[in-house]
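# Summary of structural features
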Amino acid sequence: MSAISEKDNLSEIITVNMGPQHPSTHGVLRLVVDLDGETIVGVRPDIGYLHRGVEKLAEHRTYHQFIPLTDRLDYLSPLSNNLAYCLAVEKFFNVKIPERAEYLRVIFAELARIASHLVWVATHALDIGAMTVFLYAFRERELILDMFEIATGQRMTSSWIRVGGIREDVPPLFFEKLREFVSIFEERVDTYERLLTKNRIWLKRTVGVGKLTKEDALDYGVSGPTMRGSGVDFDLRRDEPYGIYDRFKFEVAVQDSCDIYARYLVRVKEMREANKILQQALEQIPEGPVMTDDPRIQIPSHEDVYEKMEALIRRFYIITKGFTAPKGEAYACVEAPKGELGFYIVSDGDTKPYRLKIRAPSFVNLGAIEAMAKGYMIADLVGIIGSIDIVLGEIDR
Amino acid sequence: MTFNDLVAKLTEKFPSKINSYEKFGSKYIVVDRSVAKDLLRSMKYDFGFTYLVDIVAVHWPKRKEKFDVVYNLFSINDKLRVFVKCSIENEKTFTVTDIWKSASFLEREQYDLVGVVFEGHPDLRRILLPEFFEGHPLRKEYPLKGRKWFNNADEQGLGLKFTR
């Protein structure tokens, strides 16, 4: 029997399974991790446990019927998903959306961003071991979900944005609550920062961990806060403005240190900037209709349906049969809380999409996990998964 | 650089191989298969399209060229989004994993769901569906309904047995 040298013995690589029922994977993510001692030498994500075939379902539903399915992608910010999808469909028609609807869309999207980042800061801190911030962040998230309930009737899967506008106007109570929220939120972010930003344990777990260089970030195509945390100054809201984002003044949060801490700082800054956008939107929002009057895609309002025959016929037709989109392809993307969320729709002139592809930010960001985790300890992997803010509903689709 | 400049420069480089058009607010370059990879490489290294956003494969069963592969590229410096479209006759095409690393996951997904084989991909496996899955669900002939029983799951030695 040949003796095993000490060196060979030390460098033995062990393959460990992590997930899919691991509490820090935020869903059903399975990672196959190659370990040399405690050091990670390879990570292979195994995904698809939540695959529902959304893209196939889209080919068999009319353009309106697909909106509820978009809620189930990134279920922490359903309104951003609705917005991205509706923008893509609207590209086919080149319609003018009423001003009030545009402002409400921005308000919804920014509230969704804050809600999503709050869940992120709460659960990510909980993963790393700071429990207090979880309770504070969920307190504010509750306020946002209450607002969503007032406006849309649903706390989470709201499906409220329609092709051509918003389903219905929001009640006055929504604006009261929103004003109250906007006035207190800046202070509340300070509370989270007091708990984390200078916290020694937090710094030890996050600073210098999970580095992704600027070149790698671009090469792996990561987007959103993960990209901006690596020093890439890019935000779709500023660089390829959709809707009315060109009217708002806000800063794009960029950090150069490329680690988990940088991504944390980016997200905290983004919450503050989202709050500023909400403030500006509240000041500027005009009165008026919330649904376009373009007869190709308009859903007539309930009031019209009860009084006018044409509106009744039109509504019946558009709900049961749907509208036809012209032949061609359209792509629209939004800066969702997780990154660039895009919908690429191919139409062959039917009432249903011929092919629909969802560019899910979490899916692409997950592709960079090996580059981030290599060389760090297994205990850091929990923080690294948390830092890219994945939602499995969006990855698996 | 505007889209027209880009097209002019690319036409100079690849004469009579590319077409361009704009529709529904998106800019497209349709490229012949023979130079598609060179064009994509040139897009990244000469024109600064460092960010590969997405790869989409579309199945057209009735056409002679059965698949469209669309690359969604973004140039962060010029704030320009360009779609490069390449039609292929059978399901085999080249990989771009050696140009952008993000293509690894995106190509695996398209292979899994549409069944386009990206030749040269270092690790072309299914990603969303289980390994024993038969067929590619986003092809047009694949039915929406009709439960499929995975008969070969057991043969692959995965220890799975699906019975009615």
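Residues numbered from 1 in each chain as written. Chains lettered and ligands numbered in written order. Predicted model: local features only at pLDDT ≥ 70, side-chain atom pairs only at ≥ 80, totals over all residues.

### Side note on the packing of helix α5 (residues 99–128) of chain A against helix α12 (residues 260–284) of chain A
Residues and elements named next belong to chain A. It is the contact of α5 with α12, at a shortest axis distance of 9 Å, that shows an interaxial angle of 155°. Judged on the interaxial angle alone, α12 and α5 are roughly antiparallel. Crossing of α5 over α12 shows left-handed handedness. Taking contact as the criterion, the partners of Tyr103, Val106, Ile107, Glu110, Arg113, Ile114, His117, Trp120 and Val121 in α5 are, on α12, Arg267, Glu270, Met271, Ala274, Ile277, Leu278, Ala281 and Gln284. (Axes fitted to C-alpha atoms, helices over the stretch in contact; angles between N-to-C directions. Helix = DSSP H or I, 4+ residues; strand = E, 2+ residues; numbered from the N terminus. Parallel < 35°, antiparallel > 145°, perpendicular 65-115°, else oblique. Left-handed = near helix turned anticlockwise from the far one by under 90°. Contact = placed C-beta atoms within 7 Å.)

### Considering the interface of chain A and chain B
Each partner contributes to the interface: chain A provides 32 residues, whereas chain B provides 27 residues. Within the residue set of the side of chain A that touches chain B, elements represented by two or more residues are α2 (54–58), α4 (78–93), α9 (214–219), β6 (328–336), β7 (339–347), β8 (355–359) and α15 (361–366) of chain A.

### Overview of the confidence of the model for chain B
The predicted model of chain B averages 83 in pLDDT, with 88% of residues at 70 or higher. Predicted complex, confidence summary: ipTM 0.87, pTM 0.88. (pLDDT = per-residue confidence, 0-100.)

### With respect to the environment of Ile114 of chain A
Residue and element names in this part refer to chain A. Its location among the elements puts Ile114 in helix α5. Assessed through the 24 C-beta atoms surrounding it within 10 Å, Ile114 is described here as buried. For the pair Ile114 and Ile14, spaced 100 residues apart in sequence, the C-alpha to C-alpha distance is 40 Å. (Buried ≥ 20, exposed ≤ 12 C-beta atoms within 10 Å, placed from the backbone.)

### Comments concerning the pairing of β6 of chain A
Residue and element names in this part refer to chain A. The element β6 is largely enclosed, with a buried count of 8 among its 9 residues. With 9 bridges joining them, β6 and β7 adopt antiparallel strand pairing. Bridge assignment links Ala332 to a residue of β7, and that residue is Phe343. (Pairing = 2+ DSSP bridges.)

### Side note on helix α3 (residues 103–113) of chain B
Of all 11 residues making up α3 of chain B, 11 are buried, and the element is well covered by its neighbours. Those residues of α3 of chain B that fall on the buried side of the exposure criterion are Ala103, Ser104, Phe105, Leu106, Glu107, Arg108, Glu109, Gln110, Tyr111, Asp112 and Leu113 of chain B. If you follow the buried residues of α3 of chain B, they end up packed against α2 and α15 of chain A together with β3 (51–59) and β7 (117–119) of chain B. Phi for Gly115 of chain B, located one or two positions after α3 of chain B, is positive at around 85°.

### Thoughts on the sheet that holds strand β3 (residues 39–46) of chain A
Each strand in a sheet pairs with another by means of backbone hydrogen bonds, the pair being arranged parallel or else antiparallel. Residues and elements named next belong to chain A. The strand order β1-β2-β3 describes an open sheet built from 3 strands, whose pairing is antiparallel. Each edge of the open sheet is held by one strand with a lone partner, namely β1 (13–18) and β3. On average, each strand axis in the sheet is inclined to that of its neighbour by 20°, with strand direction left out of account. Pairing between strand β2 (residues 30–36) and β3: 7 bridges, direction antiparallel. In the strand pairing of β3, Asp36 is matched with Thr39.

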